[in-house]
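The primary structure of each chain is shown beneath.
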Amino acid sequence: MAKSPMAILALGLAAVVLSGAGLASGDPVESVVTDAFFDGIKSQAADGGCPGKSFYTRQFFLDGAQANPDFGKGGTSDDGKREIAAFFAHFTHETGYMCYIEEKDGASQNYCDTNYPLWPCTSGKAYYGRGPLQLTWNYNYGAAGQKLGFNGLDNPEKVAQDPALTFQAAFWFWMTNVHQVVPQGFGETSRKINSGECNGGNAPAMNARANYYVEYCKQFGVDPGNNLTC
């Protein structure tokens with residue numbers, strides 16, 4: 001039976017919808033981040049004085065990824081792997097190969113920004129870097145806490161005490177601030193993580209991040225793309 005013009009149009013629209021549904025694709029995160037990959041990073045941390053070696057685990061990372069199904073997804077499988085490589089490049093740099101849970105000398109820094117009245121700093125609390133991406137500043141702790149169900153302003157220490165929460169907080173920051181710029185190149189993810197390193201602010205640190213990223217892309221068998229630095 002010959003199809004009517006409207007039926008043909010409907011089929012065409014359905015094809016477009018199905019095609020669009022495949023725009024966000026990627027291999028399962030657990031198939032990319034293997035035990036060997038995760039432990040290979042951790043094994044490069046110093047033997048002593050590294051509380052993160054027992055704190056950071058692949059399973060808690062995977063739990064965090066599963067709760068954020070858009071993570072590691074892109075137009076192609078390679079795009080997804082590049083995002084995973086970018087996450088781990090920053091994770092490696094921020095924590096010294098998963099050595100540190102808290103920012104070194106962070107307690108001596110003032111990370112209270114009073115320009116965010118919605119997230120007022122609690123007296124006696126410090127909002128220095130904690131976790132895989134070193135969550136920092138009162139406004140990030142407050143917003144992360146609201147999203148994840150803990151009091152980030154009154155109890156920022158929990159990010160460094162609860163291994164499940166530490167990855168949840170890292171993924172909150174990533175999906176809120178970084179995920180959307182991944183297609184623009186690794187350099188833009190560095191800008192979102194620590195803009196102070198960009199434009200000559202701290203070239204060695206910026207380049208170190210990029211080097212980790214290139215290495216992890218190599219391990220995943222994907223081209224790192226352009227715009228590696230900021």
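Since this is a predicted model, take the numbers as computed values, not measurements.

A.B. asks: What's the story with the pattern of salt bridges in this structure? I'm lost.
C.D. replies: Pairs can form between side chains of opposite charge whenever their charged atoms are close. This model, assessed by the stated rule, comprises eight salt bridges. Residues R191 and E188 are paired through a salt bridge, measuring 3.4 Å at the closest nitrogen-oxygen approach. With R191 and E188 both in helix α9 (residues 186–193), this residue pair falls three residues apart, about one helical turn. A relative accessible area of 24% places E188 in the partly exposed class. Where E197 meets R209, a salt bridge forms, and the shortest distance between an N and an O atom there is 2.7 Å. Of this pair, E197 sits in the loop between α9 and α10 (203–220) while R209 sits in helix α10, placing them twelve residues apart in sequence. Several salt bridges share partner residues, and in doing so they unite E94, E197 and R209 into one network.

A.B. asks: What is the right way to look at helix α6 (residues 77–95) in this model?
C.D. replies: Because each turn of an α-helix spans 3.6 residues, side chains separated by three or four positions end up pointing in the same direction. Taking 1.5 Å per residue as the helical rise, α6 with its 19 residues ought to reach 27 Å, and the 27 Å between its terminal C-alpha atoms agrees with that figure. Extensive coverage of α6 is indicated by the burial of 15 of its 19 residues. Of the residues flanking the end of α6, it is G96, one or two places downstream, whose phi is positive at about 65°.

A.B. asks: What am I meant to see in the packing of aromatic side chains here?
C.D. replies: Aromatic ring pairs are described here by two measures, namely the spacing of the ring centres and the angle between the planes. Applying the stated criterion across every chain yields a total of 27 aromatic pairs. Measuring from centroid to centroid gives 5.1 Å for Y56 and F91, while their planes differ by 80°, and the two rings are edge-to-face. Note that Y56 is positioned in the loop between α4 (52–55) and α5 (58–66) and F91 in helix α6, a separation of 35 residues in sequence. Judged on exposure class, the residue Y56 and its partner F91 are both buried. In this arrangement the basic side chain of R130 is found over the ring face of Y128, its NZ or CZ atom lying 4.0 Å from the centre.

A.B. asks: Whenever I open this one, the packing of α6 against α9 confuses me. Can you help?
C.D. replies: Between two packed helices, both the angle of their axes relative to each other and the distance between the axes serve to describe the pair. Running from N to C, α6 and α9 point in directions that differ by 45°, and their axes come no closer than 10 Å. Between α6 and α9, the crossing angle belongs to the class labelled oblique. When the axes of α6 and α9 are compared, the crossing they make is right-handed. Across the interface between the two elements, A86, A89, H90 and E94 of α6 pack against F186, T189, S190 and I193 of α9. Along the lines of polarity and charge, the residues of the contact of α6 with α9 split into four nonpolar, three polar and one charged.

A.B. asks: When you look at α10 in this model, what are you seeing that I'm missing?
C.D. replies: Along its 18 residues, α10 runs 26 Å from first to last C-alpha, staying within 8% of the 26 Å computed at 1.5 Å per residue. All buried positions along α10 are accounted for by A205, M206, R209, A210, Y212, Y213, Y216, C217 and F220. When α10 is viewed along its axis, its buried side chains cluster within an angular range of 155° and face the same direction. Exposed positions of α10 whose direction lies more than 90 degrees from the buried face are P204, N211 and K218. Of the surrounding secondary structure, the elements contacted by the buried residues of α10 are α2 (29–32), α3 (35–42), α6 and α9. Count one or two residues on from α10 and you reach G221, which has phi positive near 75°.

A.B. asks: Looking at this structure, how should I read the packing of α6 against helix α8 (residues 163–178)?
C.D. replies: Running from N to C, α6 and α8 point in directions that differ by 120°, and their axes come no closer than 12 Å. Relative to α8, the element α6 lies oblique. Relative to α8, the crossing made by α6 is right-handed. On α8, the residues touching E83, A86, F87, H90 and F91 of α6 are F167, A170, F171 and W174. Class assignment of the residues belonging to the contact of α6 with α8 gives a composition of seven nonpolar, one polar and one charged.

Rules used in this analysis
Residues numbered from 1 in each chain as written. Predicted model: local features only at pLDDT ≥ 70, side-chain atom pairs only at ≥ 80, totals over all residues. Heavy atoms only, no water. Salt bridge = Lys/Arg side-chain N within 4 Å of Asp/Glu carboxyl O. Helix = DSSP H or I, 4+ residues; strand = E, 2+ residues; numbered from the N terminus. Buried < 20%, exposed > 50% of the residue type's maximum accessible area, 1.4 Å probe, protein only. Expected span 1.5 Å × (residues − 1). Phe/Tyr/Trp six-rings, centres within 6.5 Å; stacked < 30°, edge-to-face > 60°. Lys NZ or Arg CZ within 6 Å of the ring centre and 35° of its normal. Axes fitted to C-alpha atoms, helices over the stretch in contact; angles between N-to-C directions. Parallel < 35°, antiparallel > 145°, perpendicular 65-115°, else oblique. Left-handed = near helix turned anticlockwise from the far one by under 90°. Contact = heavy atoms within 4.5 Å. Nonpolar A, V, L, I, M, F, W, Y, C, P; charged D, E, K, R; others polar. Arc of directions from axis to C-beta.

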